[in-house]
Structures are given as C-alpha cells and as structure tokens.
Amino acid sequence: MHPTDDYTALSENFMNALCALHQSFFRQTATPTPANHFLVLLLLQNEGPTNITRMSQRLGMSKQQLTPIIDKLMKNHYTNKKSLAEDRRCNLVTLTDTGQRILDESREELRLRFRDRLSALTPTELEKFATSIDVFTMSINKMFIQKNKKMHPVNKIIAEKK
C-alpha cells in the first residue's frame, strides 16, 4: 500500500519527519536564541503585534509557559508590550529592531547549517530533495493556511515558482 492511500501512515510519516528534523538538525544547531524564543519572535514577525492569549493558541503553549518567555524577550529588548488605547487590559507584544536582528541572525545560522549539510547529497538526490521541499511547502500551505491569511514571503516565492 502506498503511504498516500492510508492517512494514518502518512500522518505517522509526517510526525517521524518532524522528530528527525528536530533531533538531527535543530538540536545540533547553536543559534543566538533558544528554540521557543525563536518561535515567538518568528510568530511576531509573521503576524505582527499579538496578545499573549492569541500567541499561546498559535504556538500551542499555555499562557503560563509563554509569559516567562515573553518576559525574557522583553528583558533582552527583543520585544515590547503595548496597551491598547481602547482597552488598557489588553497588551500587544511587538517585535523590536533588536528582536528582528536576533531573529535574522538565528535564521541565517539555521540556513548556513542546512546549506552545509546539503553537500552530503548527490546531485540527483539534491534535485529530488529540492522538488520535495517545494511540494511539501505548497501542500502545507494548502492544508493549513486560510485563503485570506497572509502567506509568509518565503512561501509566496515558492508558490510563484509553480
């Protein structure tokens, strides 16, 4: 049976790929900020100012887990909190210029590590892998990104190539 004939097997393969990526790539790559901080900064870059409740929903973390992360990011001047004028109880977390710089440095470190590891592939494997990444990204966008939702610039470039 082909994996696409069985959604359970395909879902399991997806989870295995995520775990392998985490174990083999992210855990072995030193970045200027921890992974959970990186995810918060990335969310703020992609979605703009966001309240902690929305962030916790988007990242699958509790507000209790997220609050100390936000506090550390604020202490390092990577984020700010701003109260809404119409409802001072609602605080929006925003990305600062310093936070953007750290995010850029982290992304560059990850990109360079990934590029270096590509040398382990043969030209044929590299071509298949590049195609697979494009198909994977397009599939994820089709499955999870709402039609009216802003698409990340990298995903827009891939979509335009098709």
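Conventions and cut-offs
Residues numbered from 1 in each chain as written. Predicted model: local features only at pLDDT ≥ 70, side-chain atom pairs only at ≥ 80, totals over all residues. Heavy atoms only, no water. Helix = DSSP H or I, 4+ residues; strand = E, 2+ residues; numbered from the N terminus. Buried < 20%, exposed > 50% of the residue type's maximum accessible area, 1.4 Å probe, protein only. Expected span 1.5 Å × (residues − 1). Polar contact = N/O pair within 3.5 Å; in protein donor to acceptor, adjacent residues only side chain to side chain. pLDDT = per-residue confidence, 0-100. Core = buried A, V, L, I, M, F, W, Y, C linked by side-chain atoms within 4.5 Å. Contact = heavy atoms within 4.5 Å. Axes fitted to C-alpha atoms, helices over the stretch in contact; angles between N-to-C directions. Parallel < 35°, antiparallel > 145°, perpendicular 65-115°, else oblique. Nonpolar A, V, L, I, M, F, W, Y, C, P; charged D, E, K, R; others polar. Phe/Tyr/Trp six-rings, centres within 6.5 Å; stacked < 30°, edge-to-face > 60°. Patch = residues over 30% accessible without salt bridge, like charges linked within 9 Å, V, L, I, M, F, W, Y side chains within 5 Å. Areas by Shrake-Rupley, 256 points an atom, 1.4 Å probe, with all protein chains shown as cover. Salt bridge = Lys/Arg side-chain N within 4 Å of Asp/Glu carboxyl O. Pairing = 2+ DSSP bridges.

> What's the story with the side chain of Thr94 in this structure? I'm lost.
With respect to the element layout, Thr94 can be found in strand 3 (residues 91-95). Take Thr94: its relative accessible area is 11%, and that puts it in the buried class.

> Teacher, can you tell me more about helix 1 (residues 7-24) here?
Each turn of an α-helix holds 3.6 residues, which means side chains three or four residues apart point in the same direction. For helix 1, built from 18 residues, the straight-helix expectation of 26 Å at 1.5 Å per residue is met to within 8% by its first-to-last C-alpha distance of 25 Å. Where helix 1 starts, the residue carrying a side-chain oxygen 3.1 Å from the main-chain nitrogen of Thr8 turns out to be Asp6.

> Teacher, can you tell me more about the confidence of the model for the chain here?
Detail in the predicted coordinates should be disregarded across regions flagged by low pLDDT. Here the chain averages 84 in pLDDT, while 86% of its residues score no lower than 70. Predicted confidence in the chain is weakest over helix 7 (residues 153-161), with a mean pLDDT of 50, and strongest over helix 4 (residues 63-75), with 95.

> Whenever I open this one, the nonpolar core confuses me. Can you help?
Generally speaking, nonpolar side chains in soluble globular proteins are found buried as a group. The biggest cluster of nonpolar side chains holds 19 residues, and the ones touching the most others in it are Val40, Leu41, Met55, Leu66, Ile70, Leu73 and Val93. When residues of this core are assigned to their parent elements, the largest contribution, six residues, is made by helix 2 (residues 35-47). Ignoring sequence-local partners within four residues, the contact set of Val40 consists of Met55, Leu59, Leu66, Ile69, Ile70 and Leu73.

> Is there a simple way to explain the packing of helix 2 against helix 3 (residues 52-59) in this structure?
Geometry of a packed helix pair, given as the angle between the helix axes and the separation of the axes. Across the interface, helix 2 lies against helix 3 with an axial gap of 11 Å and an inter-helix angle of 110°. With respect to helix 3, the element helix 2 is oriented roughly perpendicular. Residues Leu39, Val40, Leu43, Leu44 and Glu47 of helix 2 form the contact with helix 3, whose own contacting residues are Arg54, Met55, Arg58 and Leu59. For the contact of helix 2 with helix 3, a count of residues per class yields six nonpolar, no polar and three charged.

> Can you help me understand the packing of aromatic side chains in this one?
Going through the model one piece at a time under the given rule, you end up with two aromatic pairs. Relative to Phe136, the ring of Phe14 has its centre 6.2 Å away and its plane inclined at 25°; by these criteria the two rings are stacked. With Phe14 in helix 1 and Phe136 in helix 6 (residues 123-144), this residue pair connects regions lying 122 residues apart in the sequence.

> Just to check I follow, could you spell out the environment of Ser106 for this structure?
Within the secondary structure layout, Ser106 lies in helix 5 (residues 97-117). Classification of Ser106 as buried rests on a relative accessible area of 0%. Placed 76 residues apart in sequence, Ser106 and Ala30 show a C-alpha to C-alpha distance of 8.6 Å. Every residue in contact with Ser106, bar those within four places of it in the chain, is listed here: Thr31, Pro32, Thr33 and Phe38.

> Quick question: what am I supposed to make of a nonpolar patch on the surface here?
On the surface, Phe114, Leu121, Leu126, Phe129 and Ile133 cluster together into a nonpolar patch covering about 350 Å² of accessible area. Sort the elements by how many residues they give to the nonpolar patch and helix 6 lands first, with three residues. For Phe129, the location among the structural elements is in helix 6.

> Please explain the sheet that holds strand 1 (residues 50-51) as it appears in this structure.
Across the sheet, three strands lie side by side as 1-3-2; this open sheet has antiparallel pairing. Looking at strand neighbours, the two that pair on one side only are strand 1 and strand 2 (79-83), the edges of this open sheet. In terms of strand pairing, strand 1 meets strand 3 through two bridges, oriented antiparallel. Opposite Asn51, over in strand 3, you have Leu92 as the bridge partner.

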